[in-house]
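What the coordinates show
Here's the letter readout for the chains.
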Amino acid sequence: MEIDLLNKKILQLLQKDGRITYKDITKEMDRAESTVRERIGFMEEQKIIEGYTAIINKPRVGLNRSAIIYARAPTSSFDEVTNNLKAVNGVLQIYRTSGDKNLAFFMAATDDEEMNRTIKNKIAPLGVTDIEVSIILEAVREIAEVNILSVEEKAEMEEKKKQKEMARAHKPVKGEKKLGAALESSYENFKVQV
């Protein structure tokens, strides 16, 4: 199975809401629930979907200081350094980068003091050098959504959604007659009573 348009659309929906139900996806996609389950299962097995997560408001849970940290790690032990870095409390994301500083990671802490203490006592001893800390002043956008649809695919998906919504809006409620049928019925009742 390849990553076709259906898989891409499912991924877009899951990125917007990781808690969306299979039933809601089937409504959006106009596909059988078994198809959606099969597609999601395949993408999980193939590690296309690596997991599901919640976006947390860090200050609301006491993490008032965030930073992007650039540093240098020895190339000969880069994998060992980054594996040890994963275990450091507060390190959120780790990247191998190009250039003079080959390591970048995001970090969150309760305050500047805790961040400095963690860098000094937990990160520097791993062999990380030339550490440059850029404090995040404001989180303008924190989201893990990646647009994998082409412009045309996205437009098609949005057009189908609009058409569905319009169809639902014009669909008569159960038991409700269309205006023409209601008038015809009234006319027939009127003729019988005269």
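Just above, that's the structure.
An account of the accompanying structure is given in this report. Quick caveat: nothing in here was measured; it's all calculated off a predicted structure.

Another point: the packing of aromatic side chains. The tally for this structure, following the rule as stated, stands at one aromatic pair. Taking the centre distance of 6.3 Å and the plane angle of 75° together, the rings of Tyr95 and Phe106 count as edge-to-face. Here the residue Tyr95 occupies a position in strand 2 (residues 91-96), and Phe106 occupies one in strand 3 (residues 103-109), the gap between them amounting to 11 residues.

Glancing now at the layout of surface pockets. Each pocket or cavity is described by its volume, and for the second largest pocket that value is around 260 Å³. Looking at the second largest pocket, the residues that line it are Leu5, Leu6, Lys9, Glu28, Met29, Asp30, Arg31, Met157, Lys160, Lys161, Gln163 and Lys164. Looking at the lining of the second largest pocket, the elements that each hand over two or more residues are helix 1 (5-16), helix 2 (22-29) and helix 6 (151-170). Per-element accounting of the lining of the second largest pocket gives the leading share, five residues, to helix 6. For the lining of the second largest pocket, a count of residues per class yields four nonpolar, one polar and seven charged.

Where helix 2 contacts helix 3 (residues 33-45), the two axes come as close as 9 Å, and the packing angle between them is 110°. Taken as axis vectors, helix 2 and helix 3 run roughly perpendicular relative to one another. Contacts from Tyr22, Lys23, Ile25 and Thr26 in helix 2 reach Glu33, Val36, Arg37 and Ile40 in helix 3. Its residues placed into classes, the contact of helix 2 with helix 3 shows four nonpolar, one polar and three charged.

Turning next to the pattern of salt bridges. In the structure shown here, the tally under the stated rule is 12 salt bridges. The shortest N-O distance in the salt bridge between Glu156 and Lys9 comes to 3.8 Å. Placement of the pair is Glu156 in helix 6 and Lys9 in helix 1, with a sequence separation of 147 residues. Across the pair Asp130 and Lys101 runs a salt bridge whose closest N-O atoms are separated by 3.9 Å. Taken together, the residues span a long stretch of sequence, with Asp130 in strand 4 (residues 129-135) and Lys101 in the loop between strand 2 and strand 3 at a distance of 29 residues. Residue classification places Asp130 among the partly exposed positions, given a relative accessible area of 36%. Look at the salt bridges and you will find they share partners, linking Arg72, Asp100, Lys101, Asp130 and Glu132 into a network.

Reading the values: the criteria
- Residues numbered from 1 in each chain as written.
- Predicted model: local features only at pLDDT ≥ 70, side-chain atom pairs only at ≥ 80, totals over all residues.
- Heavy atoms only, no water.
- Phe/Tyr/Trp six-rings, centres within 6.5 Å; stacked < 30°, edge-to-face > 60°.
- Helix = DSSP H or I, 4+ residues; strand = E, 2+ residues; numbered from the N terminus.
- 1 Å grid on protein atoms, 1.4 Å probe; cavity = no way out; pocket = protein on both sides within 12 Å on 5 of 7 lines; lining within 4 Å.
- Points joined across faces, edges and corners; volume = space filled by probe spheres on them.
- Nonpolar A, V, L, I, M, F, W, Y, C, P; charged D, E, K, R; others polar.
- Axes fitted to C-alpha atoms, helices over the stretch in contact; angles between N-to-C directions.
- Parallel < 35°, antiparallel > 145°, perpendicular 65-115°, else oblique.
- Contact = heavy atoms within 4.5 Å.
- Salt bridge = Lys/Arg side-chain N within 4 Å of Asp/Glu carboxyl O.
- Buried < 20%, exposed > 50% of the residue type's maximum accessible area, 1.4 Å probe, protein only.

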